[in-house]
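Observations on the model geometry
Residues per chain are reported as follows:
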Amino acid sequence: QVQLVESGGGLVQPGESLRLSCTASTFIDSVNNWDWYRQAPGQQRELVASISSDGNTNYADSVKGRFTISRDNLENTVSLQMNSLQPEDTAVYYCHADLVRTVARLYHGLWGQGTLVTVSS
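This write-up is about the structure you can find in this document. Keep in mind that what you see is a predicted model, and the values were worked out from it rather than measured.

Quick notes on the rules
- Residues numbered from 1 in each chain as written.
- Predicted model: local features only at pLDDT ≥ 70, side-chain atom pairs only at ≥ 80, totals over all residues.
- Heavy atoms only, no water.
- Pairing = 2+ DSSP bridges.
- Helix = DSSP H or I, 4+ residues; strand = E, 2+ residues; numbered from the N terminus.
- Axes fitted to C-alpha atoms, helices over the stretch in contact; angles between N-to-C directions.
- Disulfide = S-S within 2.5 Å.
- Buried < 20%, exposed > 50% of the residue type's maximum accessible area, 1.4 Å probe, protein only.
- Contact = heavy atoms within 4.5 Å.
- Polar contact = N/O pair within 3.5 Å; in protein donor to acceptor, adjacent residues only side chain to side chain.
- Core = buried A, V, L, I, M, F, W, Y, C linked by side-chain atoms within 4.5 Å.

Moving on to the sheet that holds strand 3 (residues 18–24). The four strands lie next to each other as 1-3-9-8, forming an open sheet whose pairing is antiparallel. The open sheet has two edge strands, strand 1 (4–7) and strand 8 (67–71), and neither has a second partner. Direction aside, the axes of adjacent strands within the sheet are offset by 15 degrees on average. As judged from the six bridges shared by strand 3 and strand 9 (residues 77–82), these two strands associate in the antiparallel manner. If you follow T23 over to strand 9, its bridge partner there is T77.

Structural data, given as structure tokens:
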């Protein structure tokens, strides 16, 4: 019933920036943690960044200082600002909401469809 729609992926050169966004298809009352994961070719999906309901953030060591996760005040959007991108950042990026409350029901995890980020010269 609720879908997460991602946008912002594309092809960039090393050192450039992208901003990914993920928006719910309907109004969400609350989200516990918003996350961004990524999956590179031949690799397992890995957690890149998380932001809690109180705004606390965590980042993978590989992206600290370069990526910033943020959420809006209405709970229905999460973003990932990616700076100083390198070829090693090439992956499909997925947004994830671990516990979602709507007026209709409680969802134990929602995933976006993924958006491809390619960093190449």
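Turning next to the state of the cysteines. Summed over the entire model, instances satisfying the criterion amount to one disulfide. Each sulfur in the disulfide pair C22 and C95 lies 1.9 Å from the other. Here the S-S torsion is close to 45 degrees, and the disulfide linking C22 with C95 is therefore right-handed. Residue C22 is located in strand 3, and its partner C95 is located in strand 10 (residues 91–97); the two are separated by 73 residues in the primary sequence.

What follows concerns the pairing of strand 3. Only one face of strand 3 is buried: it carries L18, L20, C22 and A24, and the other face, with R19, S21 and T23, is open. Taken together, the four bridges between strand 1 and strand 3 define a ladder with antiparallel strand orientation. Within strand 3, the residue paired with V5 across the bridge is T23.

What follows deals with the environment of T77. Assignment of secondary structure puts T77 in strand 9. The spatial distance from the C-alpha of T77 to the C-alpha of S21 is 7.0 Å, given a sequence separation of 56 residues. Once residues within four sequence positions are removed from consideration, T77 is found in contact with C22, T23, W34, S70, R71 and D72. Engagement of the side chain of T77 in a polar contact is seen with the side chain of T23, the distance being 3.4 Å.

Counting residues in each nonpolar core, the largest one holds 31 residues, and the members touching the most others are W36, L80, M82 and Y93. For this core, the secondary-structure elements that each account for two or more residues are strand 3, strand 5 (34–39), strand 6 (46–51), strand 8, strand 9, strand 10 and strand 14 (115–119).

Note that every value here comes from positions in space, so none of it alone points to a role or purpose.
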